[in-house]
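Below, each chain spelled out in residue letters.
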Amino acid sequence: MFKKILIANRGEIACRVIATAKRMGIATVAVYSDADKDARHVQLADEAVHIGAAPSRESYLLADKIIAACKQTGAQAIHPGYGFLSENEAFARRVEEEGIAFIGPKHYSIAAMGDKIASKKLAKQAQVNTISGYNDAIDSPKQAVEIAASIGYPVMIKASAGGGGKGLRVAHNDKEAFDGFTSCRNEARNSFGDDRVFIEKFVEEPRHIEIQVLGDSHGNVIYLNERECSIQRRHQKVIEEAPSPFISDDTRRAMGEQAVALAKAVKYQSAGTVEFVVGKDQSFYFLEMNTRLQVEHPVTECITGLDLVELMIRVAAGEELPLKQADVKRDGWAIECRINAEDPFRNFLPSTGRLVRFQPPEETMFQADTGKRLGVRVDTGVYEGGEIPMYYDSMIAKLIVHGTDRSHAIAKMRAALNGFVIRGISSNIPFQAALLAHPKFVSGDFNTGFIAENYAHGFAAEDVPHDDPLFLVALAAYMNRRYRARASGISGQLEGHNVKVGEEFVVVTLGAEGQNQHHPVSVTDFEDKSGSSAVLVSGRSYQISSTATLGQIRVQGQCNGKGFTAQVERGTAKNPLALRIAHNGTQIDALVLSPLGAQLYRLMPYKAPPDLSKFLLSPMPGLLVDVAVQEGQKVQAGEKLAVIEAMKMENILFAAQDGVVGKITAGKGESLSVDQVILEFV
């Protein structure tokens, strides 16, 4: 067994590999860029080596520097994680040639299956059903349009070396094919150093289901059941689960056996994933093989009780797989939510900056070898006070739950999301909460178009209807009562000016454009001083109890005998006196006032925000890679204005209405801050 390994990656996957290595008694070496000098994976590793500047092409994509770091520290093996160089055949081959073990498949397997164009050809030779398309690299946008038109729209434009949703577009017409080809090629070049792009027919209403395979150097290959990955936004997975609520045992077995046959054909060693597109009738077609560990591997670990990272390390060290196909378990149900640094209420724009608060829910899931897996697990590469840089992907953490069945797992995930505190940047937690509550998701009736169909016009607060909105009002009144009770007990108060705790309040929920709602509320404490109160709102009674203290954002307690987890904090950007209450993805800002105070508040005039429609503002920090218009140019609504690159993705800004460009205030190549003016309209 290795004594020391180097992790050629960053973020949560680097931390994940370090955790297993430590449990196995193996020393670890981290590599880091300028942007990651204080990152969590650097702190967790036994040693750390600086390898370059912040952009990944100047650090994490530099094979020479990674191999030099390996030799410098005496590491015997390299784990590539996912992304970056994990599926780079040349890197794997060089590592092998240098006498270093590559904790992943052999370079020839990566060459055969990691390249999407080559893998399609090999799959055809192996008589595996594949989707029709043009499986050679395309040279120009014009050629892309011709090929797309010949295949028939819609088509999928894909980077050959792509992954993680980068370098991928769906085109429904010639214009989208032309623009999509250019964006795909740029993203592929920046993310993977390989700008080859191909096109295939886009199968409508598909399910995206993948089979986890595992092979060793002794010719053994097994499959570890499937993962359902159909909940995607812009082809990036948002929620994954295992098993799939859709496929039958017969389909599962057929897909597994086909995945194993494909892996054996390329003498596959290590963990890998064979991805399939599955139709309504459970017919399935080979899509691609990911010759690495997947982001969503934890859900497979939950239902099988296996540590995939440990098995990868053992296989790379020459050991035989410790189990046969008949030994593979399928126990319970696991769900993973990707918690990303993006603002779902602003069309999921990337959100970078400092994590002022980062308090994940309590982890209750343990390693497989303890025999206890049901619970909550958090895989992350960040910490409170750390920074989310703009140079890498947007993932903050992966939240994983394991339940006895699907409904149990969904309930556990909703509770865990309620307790996940992130401040300083925006996250997609409200969106995740909405997905988990959607009737079609709950019933398992969805496909890869689920998000596009149900949130076609973006995501808004109204898309997360609370099943009991008055509970949020009652909780605001209850927490305010607790704050007032604490204030009343402070010594040294002036006589006659003591803080008094009343029982009658009005909760004013603050709406857009001054459209507020007033809720008369009474709060009566129970005499046993247990922290319980009876709250009466609009004829409904809520008996609430909690031990939450002042300043604690995560509030856990009981309401009418049922447990709840919510988030409560004082002060918002617009009103420092308001209470912000968040539960099950729904958020309200509320003022809790005395009846007289509420009466006076009604008389306060509404101050409208300034009109910024004459400005194009940068919606995120990022690099301005293109300004597509000139001063004096007339533009129409929907016309492309600028392109910003952030978190390895290109974000196109379009005109919201017709107008004339007045002054351009930011230039191509400039680093923008959020809300920085790019141009003005006249």
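Before going into details, it helps to say that this report is about the structure given with it. (Residues numbered from 1 in each chain as written. Predicted model: local features only at pLDDT ≥ 70, side-chain atom pairs only at ≥ 80, totals over all residues. Heavy atoms only, no water.)

**What about the packing of aromatic side chains?**
Point 1. Taken as a whole and assessed by the stated rule, the structure comprises 14 aromatic pairs.
Point 2. Aromatic side chains Phe-91 and Phe-102 sit 6.1 Å apart centroid to centroid with 80 degrees between the ring planes, which places their arrangement in the edge-to-face category. With Phe-91 in helix 4 (residues 89-97) and Phe-102 in strand 5 (residues 101-102), the pair connects residues that are 11 residues apart, well separated along the chain. Each member of the pair, Phe-91 as well as Phe-102, is classed as buried.
Point 3. Plain terms: the ring middles of Phe-276 and Phe-284 are 5.3 Å apart, the flat faces sit at 85 degrees to each other, and that makes the pair edge-to-face.
Point 4. Residue classification places Phe-276 among the buried residues on the basis of a relative accessible area of 1%.
Point 5. Within the aromatic cluster, the residues linked to one another by ring pairs are Phe-345, Phe-348, Phe-431, Tyr-455 and Phe-459.
Point 6. The ring of Phe-441 carries the charged tip of Arg-406 above its face, separated from the ring centre by 4.7 Å. (Phe/Tyr/Trp six-rings, centres within 6.5 Å; stacked < 30°, edge-to-face > 60°. Helix = DSSP H or I, 4+ residues; strand = E, 2+ residues; numbered from the N terminus. Buried < 20%, exposed > 50% of the residue type's maximum accessible area, 1.4 Å probe, protein only. Lys NZ or Arg CZ within 6 Å of the ring centre and 35° of its normal.)

**Quick look at the sheet that holds strand 13 (residues 270-278)**
The pairing of strands in a sheet comes from backbone hydrogen bonds and takes either a parallel or an antiparallel form.
Point 1. Spatial strand order, 14-13-10-11-12-15-22-20: eight strands in an open sheet with antiparallel pairing. The outermost strands of the open sheet, each flanked by one partner alone, are strand 14 (284-290) and strand 20 (375-380). Strand-to-strand twist of the sheet, defined as the mean angle between neighbouring strand axes without regard to direction, takes the value 25 degrees.
Point 2. Sheet topology places strand 11 (residues 221-233) next to strand 12 (residues 236-242); four bridges connect them, and they run antiparallel. (Pairing = 2+ DSSP bridges. Axes fitted to C-alpha atoms, helices over the stretch in contact; angles between N-to-C directions.)

**Digging into the packing of helix 3 (residues 63-73) against helix 4**
Point 1. Between helix 3 and helix 4, the least distance of the axes is 11 Å, while the angle of their chain directions is 30 degrees. Our classification of the angle between helix 3 and helix 4 gives roughly parallel. With respect to the hand of their crossing, helix 3 and helix 4 are arranged in right-handed fashion. Of the residues in helix 4, those touching helix 3 at Ala-63, Asp-64, Ile-66 and Ile-67 are Phe-91, Arg-94 and Val-95.
Point 2. Split into classes, the residues belonging to the contact of helix 3 with helix 4 amount to five nonpolar, no polar and two charged. (Parallel < 35°, antiparallel > 145°, perpendicular 65-115°, else oblique. Left-handed = near helix turned anticlockwise from the far one by under 90°. Contact = heavy atoms within 4.5 Å. Nonpolar A, V, L, I, M, F, W, Y, C, P; charged D, E, K, R; others polar.)

**Focus: the pattern of salt bridges**
Point 1. The tally for this structure, following the rule as stated, stands at 42 salt bridges.
Point 2. Here Lys-398 ties to Glu-12 by a salt bridge, and the two come within 3.1 Å at their closest N and O atoms. Residue Lys-398 is found in strand 22 (residues 395-403), and its partner Glu-12 is found in helix 1 (residues 11-23); the two are separated by 386 residues along the sequence. Across this residue pair, the class does not change: Lys-398 and Glu-12 are buried.
Point 3. One salt bridge in this structure joins Lys-237 and Glu-296, with 2.7 Å as the shortest N-O distance. Of this pair, Lys-237 sits in strand 12 while Glu-296 sits in the loop between strand 14 and helix 10 (297-304), placing them 59 residues apart in sequence. (Salt bridge = Lys/Arg side-chain N within 4 Å of Asp/Glu carboxyl O.)

**Quick word on the environment of Leu-593**
Point 1. With respect to the helices and strands, the residue Leu-593 is situated in strand 31 (residues 586-593).
Point 2. Taking the C-alpha atoms as reference points, Leu-593 and Thr-130, separated by 463 residues in sequence, lie 64 Å from one another.
Point 3. Apart from residues lying up to four places away in sequence, Leu-593 is in contact with Phe-505, Val-506, Val-508, Ala-598 and Tyr-601.

**Things to note about the pairing of strand 1 (residues 4-7)**
Point 1. Here strand 1 shows a buried face lined by Lys-4 and Leu-6 and a second buried face lined by Ile-5 and Ile-7.
Point 2. Sheet topology places strand 1 next to strand 2 (residues 27-33); four bridges connect them, and they run parallel. Across the sheet, the residue bridging to Leu-6 is Val-29, located in strand 2.
Point 3. The parallel pair strand 1 and strand 2 is bridged by helix 1, and the resulting crossover is right-handed.
Point 4. Pairing of strand 1 with strand 4 (residues 77-79), which is carried by three bridges, proceeds in the parallel orientation. Bridging from a neighbouring strand, Leu-6 pairs with Ile-78 of strand 4. (Right-handed = clockwise from strand over helix to strand, strands pointing away.)

**Brief notes about the nonpolar core**
Point 1. Of all hydrophobic cores here, the largest spans 40 residues; its most connected members are Ile-231, Ile-239, Ile-396, Leu-399, Ile-422 and Leu-435.
Point 2. For this core, the elements supplying multiple residues, two or more each, are strand 12, strand 15 (333-340), strand 20, strand 22, helix 12 (406-418), helix 13 (429-437) and helix 15 (450-454).
Point 3. Apart from the residues lying within four places of it in its own chain, the contact partners of Ile-396 are Ile-339, Asn-340, Ala-341, Phe-358, Thr-380, Gly-381, Val-382, Ile-388, Ile-422, Ile-425 and Ser-427.
Point 4. Ile-5, Val-309, Leu-323 and Met-395 belong to the second largest nonpolar core, which has 33 residues in total. (Core = buried A, V, L, I, M, F, W, Y, C linked by side-chain atoms within 4.5 Å.)

**Description of the environment of Val-213**
Point 1. Checked against the element boundaries, Val-213 lands in strand 10 (residues 207-215).
Point 2. Along the sequence, Val-213 and Val-274 sit 61 residues apart, while their C-alpha atoms lie 7.4 Å from each other.
Point 3. Aside from chain neighbours lying at most four places away, what touches Val-213 is Ile-222, Tyr-223, Ala-259, Val-260, Ala-263, Ser-270, Ala-271, Gly-272, Thr-273, Val-274 and Met-289.

**Considerations on the pairing of strand 37 (residues 659-664)**
Point 1. Pairing analysis gives two bridges linking strand 34 (residues 634-635) to strand 37, with the strands arranged antiparallel. In the sheet register, Lys-634 faces strand 37, and the bridge partner there is Val-660.
Point 2. Judged from the two bridges that link them, strand 37 and strand 39 (residues 677-681) form a sheet pairing that is antiparallel. Note on strand 39: the bridge partner recorded for Val-661 is Phe-681.

**Section: empty space enclosed by the protein**
Point 1. The tally for this structure, following the rule as stated, stands at two cavities of 30 Å³ or more.
Point 2. When its volume is computed, the largest cavity comes out at roughly 60 Å³.
Point 3. If you go around the largest cavity, the residues you meet are Arg-233, Gln-236, Lys-237, Val-238, Asn-340, Glu-342 and Asn-428.
Point 4. For the lining of the largest cavity, the element with the most residues is strand 12, which contributes three residues.
Point 5. Considering only residue class, the lining of the largest cavity consists of one nonpolar, three polar and three charged.
Point 6. Size it by volume and the second largest cavity reaches roughly 30 Å³.
Point 7. Grouping the constituent residues of the lining of the second largest cavity by class yields six nonpolar, four polar and one charged. (1 Å grid on protein atoms, 1.4 Å probe; cavity = no way out; pocket = protein on both sides within 12 Å on 5 of 7 lines; lining within 4 Å. Points joined across faces, edges and corners; volume = space filled by probe spheres on them.)

**Notes on the state of the cysteines**
Point 1. With the rule as written, the count across this model stands at zero disulfides.
Point 2. Free cysteine Cys-337: the closest other cysteine sulfur is in Cys-229, separated by 13 Å. (Disulfide = S-S within 2.5 Å.)

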